[in-house]
Amino acid sequence: MPQPSAQVTAAEISRIAGVTRATVSNWRRRHDDFPAPSGGTESSPLYDLEEVRAWLAARGQAAAASPAEELRTVLRLHAQSGKPGASDLLPLVLAAARRTPDELTALANLPDAELAEHADDAVADVADVVPATDTARFTPDEATVLRALLLCVRDQGGEVALGVLAERELEDSAASGTYRTPEPLADLMARLVPGAPARVLDPACGSGSLLAAAARRGTSALYGQDTVPVQARRSAVSLTLTAPEATTVTVRTGDSLRTDAFADLVADAVLCNPPYGDRDWGHDELAYDPRWAYGFPARAESELAWVQHALAHLEPGGHAVMLLPPATATRASGRRVRAELVRAGALRAVLALPPGAATPLHIGLHLWVLQRPEPGGPERKSVLFVDTADAAVGSGSGTASGTARTRTRGGGRSAALDWTAISERAVAAWTAFAADPDAFEGEAGVARAVTVVDLLDEVVDLTPARQVRASRADVDPDELSAEVEATRRKLVTAAKSLDQAGQNAEWSPAGTSAREWRTATASDLARGGALTLLRTVPEAPRRAEQGDGAAAEPRPVLTGSDIARGTGPTGDAAELRSEAAAVIAVGDVLVRAVASDGGAMARVAGEEEAGALLGLHVHLFRPDPARLDAWFLAGFLGAEDNIAGASTGSSVLHISPGRLRVPLLPLEEQRRYGEAFRRVHELRVEAQRATRLAEETARLLSGGLTGGQLLPSRETAGVRGRGGDSPR
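Residues numbered from 1 in each chain as written. Predicted model: local features only at pLDDT ≥ 70, side-chain atom pairs only at ≥ 80, totals over all residues. Heavy atoms only, no water.

Examining the sheet that holds strand 21 (residues 647–648)
A sheet is described by the order of its strands in space; here three strands give the open sequence 17-22-21, paired in antiparallel fashion. Edge strands, defined here as strands with exactly one partner in the open sheet, are strand 17 (594–595) and strand 21. Sheet topology places strand 17 next to strand 22 (residues 653–655); two bridges connect them, and they run antiparallel. Bridged to Ala595 within strand 22 is Leu653. (Pairing = 2+ DSSP bridges. Helix = DSSP H or I, 4+ residues; strand = E, 2+ residues; numbered from the N terminus.)

Description of the pattern of salt bridges
Per the counting criterion, the structure on display carries 27 salt bridges. Between Asp284 and Arg299 there is a salt bridge whose closest N-O contact spans 2.8 Å. In this pair, Asp284 is assigned in the loop between strand 7 (267–272) and helix 13 (302–312) and Arg299 in the loop between strand 7 and helix 13, connecting sequence segments 15 residues apart. The partner of Arg331 in a salt bridge is Glu303, and the shortest N-O contact between them spans 2.8 Å. One end of the pair, Arg331, is in the loop between strand 8 (314–324) and helix 14 (335–344); the other, Glu303, is in helix 13, and 28 residues separate them in sequence. (Salt bridge = Lys/Arg side-chain N within 4 Å of Asp/Glu carboxyl O.)

Quick word on the state of the cysteines
Tallying each qualifying case throughout the model produces zero disulfides. Looking at the unpaired Cys205, the closest cysteine sulfur is the one in Cys272, lying at 9.1 Å. Judged by relative accessible area, Cys205 falls into the buried class, the value being 4%. (Disulfide = S-S within 2.5 Å. Buried < 20%, exposed > 50% of the residue type's maximum accessible area, 1.4 Å probe, protein only.)

Focus on unusual backbone geometry
Cis geometry marks the peptide bond from Thr359 to Pro360, where omega comes out at 0°. In this fold, Pro360 is placed in the loop between strand 9 (347–352) and strand 10 (366–371). Despite not being glycine, Val460 shows a phi value in the positive range, around 55°. With respect to the helices and strands, the residue Val460 is situated in the loop between helix 16 (452–455) and helix 17 (464–467). Here Val460 falls in the buried class, since its relative accessible area comes to 1%.

So, the packing of helix 5 (residues 90–97) against helix 8 (residues 143–156)
Look at helix 5 against helix 8: their axes get within 10 Å of each other, and the N-to-C directions meet at 45°. As far as their axial angle goes, helix 8 and helix 5 are oblique. Two packed elements cross with a definite hand, and for helix 5 against helix 8 that hand is right-handed. Here Leu92, Val93, Ala96 and Ala97 of helix 5 come into contact with helix 8, specifically with Leu146, Leu149, Leu150 and Val153. Of the residues assigned to the contact of helix 5 with helix 8, the class counts are eight nonpolar, no polar and no charged. (Axes fitted to C-alpha atoms, helices over the stretch in contact; angles between N-to-C directions. Parallel < 35°, antiparallel > 145°, perpendicular 65-115°, else oblique. Left-handed = near helix turned anticlockwise from the far one by under 90°. Contact = heavy atoms within 4.5 Å. Nonpolar A, V, L, I, M, F, W, Y, C, P; charged D, E, K, R; others polar.)

Here we look at a negative patch on the surface
Where like charges cluster on the molecular surface, the negative patch consists of Glu114, Glu117, Asp121, Asp125 and Asp128. Structurally, Glu114 is set in helix 7 (residues 112–125). Of the residues examined, Glu114 reaches a relative accessible area of 37% and is grouped as partly exposed. (Patch = residues over 30% accessible without salt bridge, like charges linked within 9 Å, V, L, I, M, F, W, Y side chains within 5 Å. Areas by Shrake-Rupley, 256 points an atom, 1.4 Å probe, with all protein chains shown as cover. Lys, Arg positive; Asp, Glu negative; His and termini not counted. Charge placed at Lys NZ, Arg CZ, Asp CG, Glu CD.)

Describing the environment of Leu165
Position of Leu165 among the secondary structure elements: in helix 9 (residues 158–173). Classification of Leu165 by relative accessible area gives buried; the value is 0%. Remark: the alpha-carbon pair of Leu165 and Arg234, spanning 69 residues in sequence, is separated by 8.8 Å.

Focus: the sheet that holds strand 14 (residues 531–535)
Read from one edge of the open sheet, four strands run 14-20-16-18, paired in antiparallel fashion. The outermost strands of the open sheet, each flanked by one partner alone, are strand 14 and strand 18 (602–604). Recorded for the sheet is a direction-independent mean angle of 20° between the axes of neighbouring strands. With three bridges connecting them, strand 16 (residues 589–592) and strand 18 associate as antiparallel partners. In the sheet register, Leu590 faces strand 18, and the bridge partner there is Arg603.

Focus on the side chain of Asp562
In this structure, Asp562 sits in helix 20 (residues 560–565). Overall, Asp562 belongs to the buried group, its relative accessible area being 0%. Looking at Asp562, its side chain comes within polar contact range of the main-chain nitrogen of Thr559, at 3.0 Å. Those residues in contact with Asp562 that sit more than four places away from it in its chain are Val557, Thr567, Gly568, Pro569, Thr570, Gly571 and Arg603. (Polar contact = N/O pair within 3.5 Å; in protein donor to acceptor, adjacent residues only side chain to side chain.)

A word on the pairing of strand 3 (residues 45–48)
Of the strand pairs in this sheet, strand 1 (residues 7–8) and strand 3 are connected by two bridges, and their pairing is antiparallel. The residue bridging Gln7 from the neighbouring strand is Asp48, located in strand 3. Strand direction decides the pairing type here: strand 2 (residues 39–40) and strand 3, joined by two bridges, are antiparallel. Looking at the pairing, Gly40 lines up with Pro45 of strand 3.

Structural notes on the nonpolar core
Buried together is how nonpolar side chains tend to be arranged in soluble globular proteins. Counting 50 residues, the largest nonpolar core has Leu185, Leu188, Leu192, Leu222, Leu271 and Leu367 as its most contacted members. Beyond its immediate chain neighbours, meaning those up to four positions away, Leu222 contacts Val200, Leu211, Ala214, Ala215, Leu239, Ala243, Ala246, Thr248, Val249 and Thr250. Formed by 42 residues, the second largest nonpolar core is a distinct cluster that contains Trp306, Leu311, Leu347 and Leu462. (Core = buried A, V, L, I, M, F, W, Y, C linked by side-chain atoms within 4.5 Å.)

Points about the environment of Val249
Tracing the sequence through the fold places Val249 in strand 6 (residues 248–253). In this structure Val249 comes out as buried when scored by relative accessible area, which is 19%. Each C-alpha atom, one on Val249 and one on Gly224, is 8.2 Å from the other, the two residues being 25 residues apart in sequence. Not counting residues up to four positions away in its chain, the partners in contact with Val249 are Leu222, Ala236, Leu239 and Thr240.

Considerations on the confidence of the model for the protein
Atom-level detail of predicted coordinates should not be read off regions where pLDDT is low. Scored by pLDDT, the protein has a mean of 84; 85% of the residues are at 70 or more. Confidence, expressed as mean pLDDT per element, reaches its minimum in the protein at helix 24 (residues 714–723) with 59 and its maximum at strand 10 with 98. Contacts for the low-pLDDT stretch residues 394–415, under 50 throughout, to residues beyond four places or in other chains number 59 contacts. Taken as a whole, residues 540–552 scores under 50 in pLDDT and shows 26 contacts with residues more than four places along the chain or in a different chain. (pLDDT = per-residue confidence, 0-100.)

Structural notes on the environment of Pro194
The residue Pro194 is located in the loop between helix 10 (183–191) and strand 4 (199–202) in this model. What makes Pro194 partly exposed here is its relative accessible area of 41%. Among residues more than four places away in sequence, those in contact with Pro194 are His319 and Trp430.

A few points about the pairing of strand 9
The element strand 9 is largely enclosed, with a buried count of six among its six residues. When strand 9 meets strand 10, the two strands line up antiparallel, connected through five bridges. Within strand 10, the position partnered with Ala352 by the bridge is His366. Sheet topology places strand 9 next to strand 11 (residues 382–387); four bridges connect them, and they run parallel. Bridge pairing links Ala352 to Asp387 in strand 11.

Below you can see the structure in the form of structure tokens.
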């Protein structure tokens, strides 16, 4: 029976040929001999791979895809033909990485049958390192994917090949909760463990990020377990490749709570980012488990089960650092266990991270630092609480009032974080507290040591933001008064600028009736060459490839939220999931892709935005300056009626950029409108600035008056008395 023909998308053709997707679209339109679609739909056609390769070869268009891209394409076709998944190939990455480039080249040149046989032998050689490798058996039909893997390891390294295989397998298996712990966060968690522990366990190791961070700090024995087989294999291979100094790397597959693969292991430290909100963690069958030394966790408290699992694996005095959701610190169902952890001295510190530190990105997660009590050890009378929210954007240590500032969120989900500042604040506070808890001097609104007695109330709330909040005694009245005065002066200056901007926005009536003009759609203007339409399209999630030389400095990303708020680019390039994001230039017109009532819909890029990447939910219009004025274009594109006419959807209104209409006016007249729209933009910016300063001034005054640091003036009281008791 003939094998089904391999089919590829237009995006895959662009990667194979090393061109953009726009180039592939041009080939389809301009070359009659371009292969006809062999499947798919009209909007997403599929093409025969061999026909495409033959067409490219006939045109002298050599394949320019990187080995990693070639491996991705071959893997998709491999799965498309019903062959085994990528998981069986993971051990082969480790086996290949142990060979020289010449040896890999020789293997890739073997006949299909011999190549499959050598691959089986190579996997058998690493069976003691990679869990569940006994199922890996290769056939001659898999020679194509075996060769692509060997060449990827040879040219780009084992870590790149490993990432490609893992991302493919996770997509195929629809595994949930398989989120990689960001490297800066993993390093921070490893730094919070005092000293250099020899044995570190991660009972929910995922891809091995936390164990790799421990290895970078000198740990020699690494132990991990994960319930997702592909993650366990990936972790074993990755750690063996990247931590050669570790003498022991042991990773097992399975549920650590139900079937602990390291039941007899006593570790020096535990690092863990466990699954959250898992009601099926084994509540019923583990009711009498000896690990629950601090109380049997409720069904909704899987995180507290993981906390006690970690403590059970520690030697007396050993430390555990856990990444947990903020609800663990407050849920009523966990109050009793939290109280026992505090009372016994097992909980040493809780550190709040800003939103965006790790998945889920929309909430600020917590780090719990735990220490297994030592028999006859010192009594622990307090718990450290640290809030790193201000450090996230390098804003310093907070205001004199001690009130936590609003966390800054940017584009896709969160602003780019200042991990250096976050880590320095967290480590400095924890190091000082661990050295001498009784002598620790906190910082209002940032860090505070709270006594066990104060924590053991009817709630046992372990939320850092509440515990570090400044008390009345912490705020100096003179400092607060000076801060209020400085903010008030900025507000007065902003109000004057707003008044000037309002006077600059001049206009005159059009007469007895509104002016009318002929219009053209943005699509028509693009076809005529008057402007270019660009948008960043996300691709399939993938791991960043390594081994291609020095990493480029990350660019900021301009998002729809930035346009609405009138701020500079705040998005994170890692969230784009696209290698072809447009780069913004001065004079580009940027329009939000989703309509909403708040803030501006469009603006013109200036020097601040130049060089930033275009966010996922922003349309870019690049006008020809000889035919279109940028501010004229921005003003009409962002008009309320224009946006409404080009929107689709009900609850969420998506903008169809090609349907937006623009008046057809002479360039000189466009410039007059453009200058008017530029002044309107300045008015909006000044209004937003004045509003922010007014809110900040009011917040400081209100907090100072209610906290006792500020007193109302006698003149205020006099005016109040003459005006009556009720505000008008």
